[in-house]
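# Coordinates in review
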Amino acid sequence: MLDLGKYTDAKCTKQNMSVKYDFTGKVVLITGSSSGIGAATAVQFAKAGAQVVVTGRRADKLAEVGEQCLKVSPKGIKALEVTADVTKREDMRRLVDQNIKHFGKLDILVNNAGAGNPTRIDDKYFYDKFEKLMAINLNSVVYLTHICVEHLEKTKGNIVNISSIGAMRTVVGFAPYGTAKCALDMFTKCMAAELGPKQIRVNVINPGPVRTEFVTAMGSPPELADKMMDVFNKLMPVGRVGESDDIADHILYLASDHAAFITGSNLVSDGGVLAANAINGDDLVVLITGSSSGMGAATAVQFAQSGASVVVTARRADKLAEVGKQCLKVSPKGIKALEVTADVTKREDMRRLVDQTIKHF
Ligand SMILES: NC(=O)c1ccc[n+]([C@@H]2O[C@H](COP(=O)([O-])OP(=O)(O)OC[C@H]3O[C@@H](n4cnc5c(N)ncnc54)[C@H](OP(=O)(O)O)[C@@H]3O)[C@@H](O)[C@H]2O)c1
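Cut-offs applied
- Residues numbered from 1 in each chain as written.
- Predicted model: local features only at pLDDT ≥ 70, side-chain atom pairs only at ≥ 80, totals over all residues.
- Heavy atoms only, no water.
- Pairing = 2+ DSSP bridges.
- Helix = DSSP H or I, 4+ residues; strand = E, 2+ residues; numbered from the N terminus.
- Axes fitted to C-alpha atoms, helices over the stretch in contact; angles between N-to-C directions.
- Contact = heavy atoms within 4.5 Å.
- Near = heavy atom within 4 Å.
- Polar contact = N/O pair within 3.5 Å; in protein donor to acceptor, adjacent residues only side chain to side chain.
- Areas by Shrake-Rupley, 256 points an atom, 1.4 Å probe, with all protein chains shown as cover.
- Expected span 1.5 Å × (residues − 1).
- Buried < 20%, exposed > 50% of the residue type's maximum accessible area, 1.4 Å probe, protein only.
- Disulfide = S-S within 2.5 Å.
- Domains from an automatic or database assignment.
- Buried area = accessible area lost by both parts, 1.4 Å probe.
- Nonpolar A, V, L, I, M, F, W, Y, C, P; charged D, E, K, R; others polar.

With that out of the way, let us pick up the sheet that holds strand β10 (residues 285-289). Overall, parallel pairing links the 3 strands, which are arranged β10-β11-β12 in an open sheet. Of all the strands in the sheet, the pair left with one neighbour each is β10 and β12 (338-341). The average angle at which neighbouring strand axes cross in this sheet is 15°, direction not considered. As defined by bridge partners, strand β11 (residues 309-314) adjoins β12 across 4 bridges and the pair is classed as parallel. If you follow Val 311 over to β12, its bridge partner there is Leu 338. In the packing of helix α12 (residues 347-360) onto the sheet, contacts are made with β10, β11 and β12, and the angle to β12 comes to roughly 165°.

See below:
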């Protein structure tokens, strides 16, 4: 069983050392820059003097990011905001055209836009979801690279792709996402080999869990997303999940001349989760109070789906039985949830709950 105790004390946070990059005169296009990692990356590039193109489907969010970029830009350079969908070829063509028309060139392409959506092979809508996730996470990168290469060749530019540790190990329920990201890793290497002679470098970053809108974008309520991050915090050898700026730091590094000899590389940025083999929930025992309905029930089912052993508890035994059934259905190893009928306001119930959990698991 995973020893959580050893992961909860220390946190690897940033000290006061900082690297100062200078991207003055460079034009950087970042997809998926309306939130999360992409937004942080746009702001960091703007701060380092770059001319930045931000893009996503939500115009209001892009305007917010644009404002932040302007605020930090040393020469007060306004970001170009282009509302576009990466799965639509005509949008991508318009994005590149507007970029070239506005800034005259392209130096750095950050293929960051991406999304997940849990599904299993026997789901009715599995294949629809598969096609959609391949379009967002893989095909969009392939197409954008295809139409940007002529511009990157002129500037001897580079590309940074954003993959995931989901490309490197399975997460049950995320086959389409993992497959798309795994293909993205291979595409990166193929492009590095093909474009090296044109002096274009191509690299990929594989983040672990990062606190962004990624989970809510899949339809989970923000409270559930926060809860998941709290649990992930305890799974991380470095004691915390990633923040968008962690990944943005790596993007700037790979895009900079400090990485002039790096191409075709994967940079894994996951707080040690892969090394510790700790993300599938296989070794986790998770106790969720208030899990007979609503958010608690949904949390129990999601943890069960990730392979965890789940303890569900509340006052209504019949409801707990229903949730228990759902957990069993999605558990990859068929682990039965422990159902404990208890009242959280009664100390003796809480003591019994913990005793039963420890005895059982
Ligand atoms: N957060 C994590 O734990 C994590 C871990 C590993 C890898 N990643 C990867 O990191 C990248 C950034 O994700 P994030 O964590 O920053 O999540 P996020 O906050 O949800 O950002 C996703 C970005 O992608 C854009 N996007 C999604 N679908 C799009 C579409 N069809 N057309 C255009 N833009 C689209 C979104 O913009 P609009 O909604 O405005 O279109 C948003 O700006 C993704 O590739 C993700 O797979 C994240």
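If you check the shell around the ligand, you find 28 residues, and the closest are Ser 34, Arg 57, Asn 112, Tyr 177 and Thr 212. Between an oxygen atom of the ligand and a main-chain N or O atom of Gly 32, the distance comes to 3.0 Å. With respect to the ligand, the backbone of Ile 37 contributes an N or O atom lying 2.9 Å from an oxygen atom. Protein chains bury 95% of the 880 Å² of accessible surface belonging to the ligand in isolation. Broken down by secondary-structure element, the contributors of at least two residues to the shell around the ligand are α1 (36-47) and α5 (175-195).

Looking now at helix α7 (residues 222-235). Along an α-helix, residues three or four apart share an orientation, since each turn contains 3.6 residues. Spanning 14 residues, α7 covers 20 Å between terminal C-alpha atoms, matching the ideal 20 Å at 1.5 Å per step. Looking only at α7, the buried set comprises Leu 224, Ala 225, Met 228, Met 229, Phe 232, Asn 233 and Leu 235. Contacts made by the buried residues of α7 are with β7 (210-211), α6 (214-217), α9 (273-276) and α10 (294-305).

Every disulfide links exactly two cysteines, by a covalent bond between their sulfur atoms. The full count for this structure, using the stated rule, is 0 disulfides. Unpaired in this structure, Cys 148 has its nearest cysteine sulfur neighbour in Cys 190, at a distance of 18 Å.

As far as domains go, the protein holds domain 1 (20-276) and domain 2 (285-360). Inter-centroid distance (C-alpha atoms) of domain 1 to domain 2 is 37 Å. When the two sides are added together, the surface that domain 1 and domain 2 hide from each other amounts to roughly 850 Å², 67% of it contributed by carbon and sulfur. Within the side of domain 1 that touches domain 2, the residues separate by chemical class into 5 nonpolar, 2 polar and 3 charged.

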